[in-house]
Every structure is written in structure tokens, then in C-alpha cells.
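Breakdown of the fold
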Amino acid sequence: MIDAPSRYDLEDYANKHGCNLVESACALGSVLVAKADIWPEPANDIDDGIEYSDVNLCGENRSDLLSKLSKSIAATYKFPKSTTFLHGLGSVASAMTKSFKFRYHGKGKPVNLYIVTSQPPSTGKSGVNDAFTDPISYHYKAINAENRKKRIALASQLKAVQKEVDEITSGAGGKITYSDSAKIEEFDSLQEEFDSFPSWKWTLTNSTIEGAEPVAQSQDGMFNVVSAEADSINTLLGLSYGTTVNVKANLELVLKAWDSEYFSSSRVSREAFTGTPRATICVIAQDSSIDSLLAVGQAGRGVSERFLILREKSLLGTRDHSKYIPINEGLTSRYDSMIKHILQEDSVELVFDQEGIDLINSYRQNIEPELCDGGKYDNAMITGALGKAD
């Protein structure tokens, strides 16, 4: 054995025996084994157990407004593009949920989406969310200001007619004349008109599902949850209480609002809701929220299958903050105008052409054989998701 082997001796030994310098130092008993410069760079092969989505929802070939704006916002905040696009799509859906429907199987269904994406803290989630939602908030504020004027004008009429109705009903002795009935109908008509000008609460950022019911009741069934905070969806779905996933949470309002099914609740201590709710849920959450959502779905609750879920790898550690790229002002102006016109509409029903119906039916037929017992998609959660893919 060589006395006090040098680095040259280590390299010579390594070349002769086909090993690395660390192995050479160990074989020769060299104190150089403690030197960091002979050790190879550590391999970054740590598996965090997270599977990331590899999708491109707004590729270079897409030239529509939302795709172009999403790419511009993503460049500004150095944020994953597909996550940006999907959150933008949900934000637009939240605006359309107010007045837009589409006809399917002979019924009008709300234009809405349930979306949850995932990014860790400090990635720019709030900036991305604000870029899409600030115009919605601004134009809802203008609508609420106009609605308030209309409610004030109607309130005095309502008060006067209500006084007459109260006198009729209290002194009628069970007998209502034709003119009395007309006055009651006038009151009902005025009340309906008054209710048609609500003070819109277009999004809830921290509400339990029970808290969403009176909001839906006051807004003809509409409530939305659009946020960049995981707590928004955790609280709504009852995932944020305790250390384990609450698979027995009350989810019926969320389940029914996805495609506007009839819902009726009864509450002792607060206002309940009866009607056909509609909602858009769009949240940039964190991995734990997605895991909890899937756990609830796996328990057979049917909630996860209603969500579009995307978990892209974050850009943390690779961002270049020395280069700032502002959001394209021309695109933001066009987006603002689009949101304004969407919210100004009162009632719009979209109808698929035959080519669109054929495309939907073709997709459903392609997956149908694999939905059977023992098929490729023989899993309660996956079957539920694919069964709702149309």
C-alpha cells in the first residue's frame, strides 16, 4: 500500500481498476476520502411520491383570447402555463354562471366548471388569480350599483302595496274579493321584480357549504368559489376540520349545483334553500387539497368526479427574476370587454350543432366498453368521472 497516497495516486488507481476516486481513496487508505472535491455530485433522484401532469392546454398553435392571455399572465408571474389557462377558464365560467346555459338532452344546464389546480406557496398564485378575477369583481360592482338604485325605487312601491295587502289579509275574514286578489298579485309581481335586482356576491372565498345556501337562495341559485387559497375549497367541502379527511361531510349542494339538479334543505337556525342551484368552483389549491378531494371521491361521495384536476410541477428554483415581462395590455383590455359583455347578459342559451353532438357521442362510445366490470375503467371514482365526461 502506498504511504500517504496523493491525488495522482488515487487517479492512477481509479484508471487501473475502473472505479471512482472515493473508492480509490478507500482502497488505498487515504485521508483524502474526507475531501469533498473527490466525491461526485449527489444525484437528485429523490422521489417525493407526487405525480405531476404533463399537459399543454394552451400550445403555440392556439390563438384564441384566453390562450394568449394565459400565456402572457404565465410569463409575467413565471407560473405554469396550463395551470394558468385552466384557472382562467374557470374564472370565465364563473362569470357565465350568472346568465348562460346550454341545451343538452332537452334541458337548459348552467355554463359552469368545477376546477382545482395545485401549486405550492410563493409561486404567484394570487397574481394569476387577480389577473383573471379583478375585471369580474369590477363589473359586478357596477352591476350592484345599478341594482341598488332599482331596488330603492321599487322599495317604496312594495311598502305601500304591502300595507294594503296586510289590511286585506287581516280583515278579510276568510273572504278575498277579486280586487283583493289583484292587489295581492300586484304585490307578488313587485316582490319578484325586486328580487330580480340582487346585490350579487359573485364569489365566496371562505364559506362552509351551509353558509353558501342562503347566498344561493338570494341569487336565484347561484354561488361561486374562485380563489387562490386552498382554504376556500377545504372549508367549502369540509376538508379543513381535524387531521383526517372528513369523507362524511355534507356535500349535497355542491353535488347538485354542478349540473343544476333540484335541491331542497330544511334548517332550524338559518335560511335554507330550495331550487336548482348552479355554481362554478375554481381554486388554485395545494397538493393536500387534491389528495383530500380524491380521498372523498374514493369513498364514493361523487365529488371528485365532477372536478377538472391539474397538478403541474412548479417553476420554483428555475425562475429568472431579473427579467420582467408585463401582461399584454391589449389582451387584458379585450378580456375586460368580454367579461363586461358576459355579465351584462340576462339570459343566454347555447345550442350545440350536430357536429358537436356527434363528437360528444363518439367519445362516449369509445370509452363505453371499458366501463364494464373488469374493464379498464372498473373503479368507482374513474367510472364516475368518465361517465360525466360529456
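Here the structure is shown first, and the text comes after it.
In this report, the structure presented in the accompanying data block is examined. (Residues numbered from 1 in each chain as written. Predicted model: local features only at pLDDT ≥ 70, side-chain atom pairs only at ≥ 80, totals over all residues. Heavy atoms only, no water.)

A positive phi angle is found at Asp220, which is not glycine, with a value near 55 degrees. One non-glycine residue with positive phi stands out, namely Ser260, at about 60 degrees. In this fold, Ser260 is placed in the loop between α9 (252-257) and β5 (263-264). On the basis of relative accessible area, Ser260 is assigned to the buried category, the value being 16%. (Helix = DSSP H or I, 4+ residues; strand = E, 2+ residues; numbered from the N terminus. Buried < 20%, exposed > 50% of the residue type's maximum accessible area, 1.4 Å probe, protein only.)

Moving on, we get to the environment of Asn20. Note on placement: Asn20 falls in the loop between α1 (7-17) and α2 (21-28). Residue classification places Asn20 among the partly exposed residues on the basis of a relative accessible area of 35%. When the C-alpha atoms of Asn20 and Met338 are compared, they prove to be 63 Å apart, with 318 residues separating the residues in sequence. Reaching out from Asn20, the side chain makes a polar contact with the backbone nitrogen of Val22 at a distance of 3.1 Å. (Polar contact = N/O pair within 3.5 Å; in protein donor to acceptor, adjacent residues only side chain to side chain.)

Pairing is parallel in the open sheet, where 4 strands are placed in the order β4-β7-β3-β8. Of all the strands in the sheet, just β4 (222-227) and β8 (308-311) have a single pairing partner and so form its edges. Looking at each pair of strands side by side, their axes are set apart by 10 degrees on average, direction ignored. In this structure, β4 lies alongside strand β7 (residues 278-285), joined through 6 bridges in parallel fashion. Paired with Phe223 across the strands is Ala279, a residue of β7. Sheet contacts for helix α10 (residues 287-298): β3 (114-118), β7 and β8; angle to β8, the most-contacted strand, approximately 140 degrees. (Pairing = 2+ DSSP bridges. Axes fitted to C-alpha atoms, helices over the stretch in contact; angles between N-to-C directions. Contact = heavy atoms within 4.5 Å.)

Once that is clear, we can look at a negative patch on the surface. Negative charge collects at one region of the surface, where Glu185, Asp188, Glu192, Glu193 and Asp195 lie side by side. With a relative accessible area of 43%, Asp188 lands in the partly exposed category. (Patch = residues over 30% accessible without salt bridge, like charges linked within 9 Å, V, L, I, M, F, W, Y side chains within 5 Å. Areas by Shrake-Rupley, 256 points an atom, 1.4 Å probe, with all protein chains shown as cover. Salt bridge = Lys/Arg side-chain N within 4 Å of Asp/Glu carboxyl O. Lys, Arg positive; Asp, Glu negative; His and termini not counted. Charge placed at Lys NZ, Arg CZ, Asp CG, Glu CD.)

Turning to the packing of helix α4 (residues 81-96) against helix α11 (residues 329-344), a few remarks are in order. Running from N to C, α4 and α11 point in directions that differ by 30 degrees, and their axes come no closer than 8 Å. It follows from the interaxial angle that α4 and α11 lie roughly parallel. Across the interface between the two elements, Ser91, Val92, Ala95 and Met96 from α4 touch Tyr335, Met338, Ile339, Ile342 and Leu343 from α11. Class assignment of the residues belonging to the contact of α4 with α11 gives a composition of 8 nonpolar, 1 polar and no charged. (Parallel < 35°, antiparallel > 145°, perpendicular 65-115°, else oblique. Nonpolar A, V, L, I, M, F, W, Y, C, P; charged D, E, K, R; others polar.)

The mixed open sheet is built from 3 strands, whose spatial order is β2-β1-β9. Of all strands in the sheet, those bounded by a partner on one side alone are β2 (107-110) and β9 (348-351). Sheet twist, expressed as the average angle between the axes of neighbouring strands with direction ignored, equals 40 degrees. When strand β1 (residues 100-104) meets β9, the two strands line up parallel, connected through 4 bridges.

This part covers the packing of helix α3 (residues 65-77) against α4. α4 packs onto α3 with a crossing angle of 125 degrees between their chain directions and a minimal axis gap of 9 Å. As judged from the angle between their axes, α3 and α4 are oblique. Judged by the sense of rotation from one axis to the other, the crossing of α3 with α4 is right-handed. Only Lys81, Thr84, Phe85, Gly88, Leu89 and Val92 of α4 make contact with α3, whose side of the interface consists of Leu66, Ser67, Ser70, Lys71, Ile73 and Ala74. Across the contact of α3 with α4, the residue classes break down as 6 nonpolar, 4 polar and 2 charged. (Left-handed = near helix turned anticlockwise from the far one by under 90°.)

To continue, consider the environment of Leu190. Turning to its location among the elements, Leu190 is positioned in helix α6 (residues 178-195). As for Leu190 and Gln162, which are separated by 28 residues in sequence, their C-alpha atoms are 9.8 Å apart. Excluding residues within four positions of it along the chain, Leu190 makes contact with Leu154, Gln157, Leu158 and Val161.

Where side chains of opposite charge bring their charged atoms close, a pairing between them can arise. Applying the stated criterion across every chain, the model contains 12 salt bridges. The partner of Asp64 in a salt bridge is Arg62, and the shortest N-O contact between them spans 3.2 Å. Residue Arg62 is classed as partly exposed on the basis of its relative accessible area of 34%. The partner of Lys388 in a salt bridge is Glu305, with the nearest N and O atoms 2.6 Å apart. Of this pair, Lys388 sits in the segment after α13 (380-387) while Glu305 sits in the loop between α10 and β8, and the two are 83 residues apart along the sequence. We classify Lys388 as partly exposed; its relative accessible area is 24%. Beyond isolated ion pairs, a larger network of salt bridges with shared partners links Glu164, Lys183 and Glu186.

What follows concerns the side chain of Thr133. Mapped onto the elements of the fold, Thr133 is located in helix α5 (residues 125-171). Apart from the residues lying within four places of it in its own chain, the contact partners of Thr133 are Ser91, Trp202 and Val226.

Those residues of α2 that fall on the buried side of the exposure criterion are Leu21, Val22, Ser24, Ala25 and Leu28. Viewed along the axis of α2, the buried residues span an arc of 160 degrees, placing them on a single side of the element. Those residues of α2 that are buried lie in contact with α1. For α2, the side-chain oxygen to backbone nitrogen distance between the N-cap and Val22 is 3.1 Å, and the N-cap itself is Asn20. Positive phi appears at Gly29, one or two residues downstream of α2, with a value of about 65 degrees. (Arc of directions from axis to C-beta.)

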